[in-house]
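Spelled out from the first residue to the last, the chains are:
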Amino acid sequence: MSKRQLSQLVLLRPRPQLSRATRPLCRTFTSGANKSSSSRWVNGTAIAAIGAVSAAGLTYSMTTQKPLKFDARSLADLDERTKREQGVSDQSPLRLRMEKFIREQQKEIVAELERLDGKKFRGDEWTRPNGGGGLSCVLQEGNVFEKAGVNISVVYGTLPKAAIAKMRDNHKSIAEADNLDFYALGLSMVLHPYNPMAPTVHLNYRYFETMLPDGTSQAAWFGGGCDLTPNYLFDEDAVHFHKTIKEACDKHNKEYYPKFKKWCDEYFRNTHRGEARGVGGIFFDDLDETVADPENSFAFIQDCLKAFLPSYIPIMEKRKDLPFTAKEKEWQQVRRGRYVEFNLVHDRGTAFGLNVPGSRVESILMSLPLTASWRYMYEPEPRSREERLLEVLKNPKEWV
């Protein structure tokens, strides 16, 4: 740590909790400048973020004084000051580098989706009282996408004792405590196309860090993944999607893809229906220093996120203008109903996010489609394309 950084830490004192309310700022999103603060809900009681240990080192203001006591608000102020006065470099704390990276990726992804759709996203910037905030970019009733959301969120907060106990199951370095300051950051995306021949896709990459009382990092980890949910199965699309993801995984560890693909198949599953949500992809959690070096994990996350556009855009280019019937549109609505069921019944991240005080509900529920339906005892015709999809969802395939 430089003398300048240490002097900032010495001068910084915890403040009382601020009472200002969450303030959304609506504007039309463009893929150009965007330097606002971002925030991501804590993704799951123990499913939230995953991955690498790093934070600003902080000890004593003077050798004769006690260590400074930092709270979430103080850390948020320090991070904002660092970004404003020094910028983010390769020497910055990992959380700031991850934030910078996903902001850049959000701009790139939104720009490409706007090119594909022909309409602009709406961008909502919002802040949190304890620090952090987010940028929710949403497109509704576009030319290609009925609903699409690409969100960033950053959260500085305090975990209660019950949440700490659950986290200690996977992270023994976290000490028992009545409360614990944390930092959570993530980019989350869900795209629902109009055309039933074009697949829905979901993506989420996140970082989570817990803090010691002096503001230094206690434990940190990455998590995330992406998965494809078609209404009509084109085998070549599933192969392309999985092949692109596998190539990103294999650059870092050839065991990642088969392990994370299996994890995805098991997690994104409507157990009450006995079927998967889609044809899968990858999913992982708790990627911390016991799994890989933090810098290597960060590089892995970057390659996975950069692989999204090559994995999905070629599929959309082929499927977005295919003809379809009213019956096929009806099947899409039924499948979307199953998508909603998973998100509201089984997804731990959604459940946890809705229970975090001060959560932005609109951003959390951005993943739900604009339209869906539930038809009583709806069964596809024998030997139909719809029935074949169900067979694959009940028995996940190895695509590559």
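Residues numbered from 1 in each chain as written. Predicted model: local features only at pLDDT ≥ 70, side-chain atom pairs only at ≥ 80, totals over all residues. Heavy atoms only, no water.

### Here we look at the packing of aromatic side chains
- The full count for this structure, using the stated rule, is 22 aromatic pairs.
- Summarising the aromatic geometry, the rings of Phe222 and Phe298 are spaced 6.2 Å apart at their centres and angled 10 degrees between planes, so their arrangement reads as stacked. You can see Phe222 sitting in strand E7 (residues 217-229) and its partner Phe298 sitting in helix H7 (residues 294-306), a full 76 residues away along the chain.
- The class of Phe222 is buried, set by a relative accessible area of 0%.
- Taking relative accessible area as the criterion, Phe298 reaches 6% and is therefore assigned buried.
- The interplanar angle of 25 degrees and the centroid separation of 4.9 Å between the aromatic rings of Tyr256 and Phe260 together place this pair among those described as stacked. One end of the pair, Tyr256, and the other, Phe260, are both in helix H6 (residues 256-267), four residues apart, so they sit about a helical turn from each other.
- Tyr256 sits in the buried class, given a relative accessible area of 8%.
- The buried category is assigned to Phe260, whose relative accessible area is 2%.
- One aromatic cluster is present, built from ring pairs that chain together Tyr205, Tyr256, Phe260, Trp263, Tyr267, Phe268, Phe283, Phe284, Phe300 and Phe342.
- Above the face of the Phe234 ring, Arg385 is positioned so that its terminal group lies 5.1 Å from the ring centre. (Phe/Tyr/Trp six-rings, centres within 6.5 Å; stacked < 30°, edge-to-face > 60°. Helix = DSSP H or I, 4+ residues; strand = E, 2+ residues; numbered from the N terminus. Buried < 20%, exposed > 50% of the residue type's maximum accessible area, 1.4 Å probe, protein only. Lys NZ or Arg CZ within 6 Å of the ring centre and 35° of its normal.)

### Points about the environment of Pro193
- Tracing the backbone shows Pro193 in strand E5 (residues 179-193).
- The exposure class assigned to Pro193 is buried, which follows from its relative accessible area of 2%.
- Taking C-alpha positions, Pro193 is 9.0 Å from Gly142, a pair spaced 51 residues apart along the chain.
- The residues contacting Pro193, other than those within four sequence positions of it, are Val144, Phe145, Glu146, Ala198, Pro199, Thr200, Tyr312, Met316, Gln332 and Arg336. (Contact = heavy atoms within 4.5 Å.)

### Regarding helix H5 (residues 235-250)
- A rise of 1.5 Å per residue sets the reference length of H5, with its 16 residues, at 22 Å; its end C-alpha atoms lie 22 Å apart and thus fit the reference within 8%.
- Among all positions in H5, only Asp237, Ala238, Phe241, His242, Thr244, Ile245, Ala248, Cys249 and Asp250 are buried.
- Packed against the buried residues of H5 are strand E6 (200-211), E7, H6, strand E10 (280-287), H7 and helix H8 (308-319). (Expected span 1.5 Å × (residues − 1).)

### As for unusual backbone geometry
- Positive phi, close to 55 degrees, is recorded for Glu141, a residue that is not glycine.
- Mapped onto the fold, Glu141 is located in the loop between strand E3 (132-140) and strand E4 (145-160).
- Its identity as a non-glycine residue notwithstanding, Met377 has a phi of 50 degrees, on the positive side.
- One can find Met377 in the loop between helix H11 (361-364) and helix H12 (385-394).
- Here Met377 falls in the exposed class, since its relative accessible area comes to 62%.

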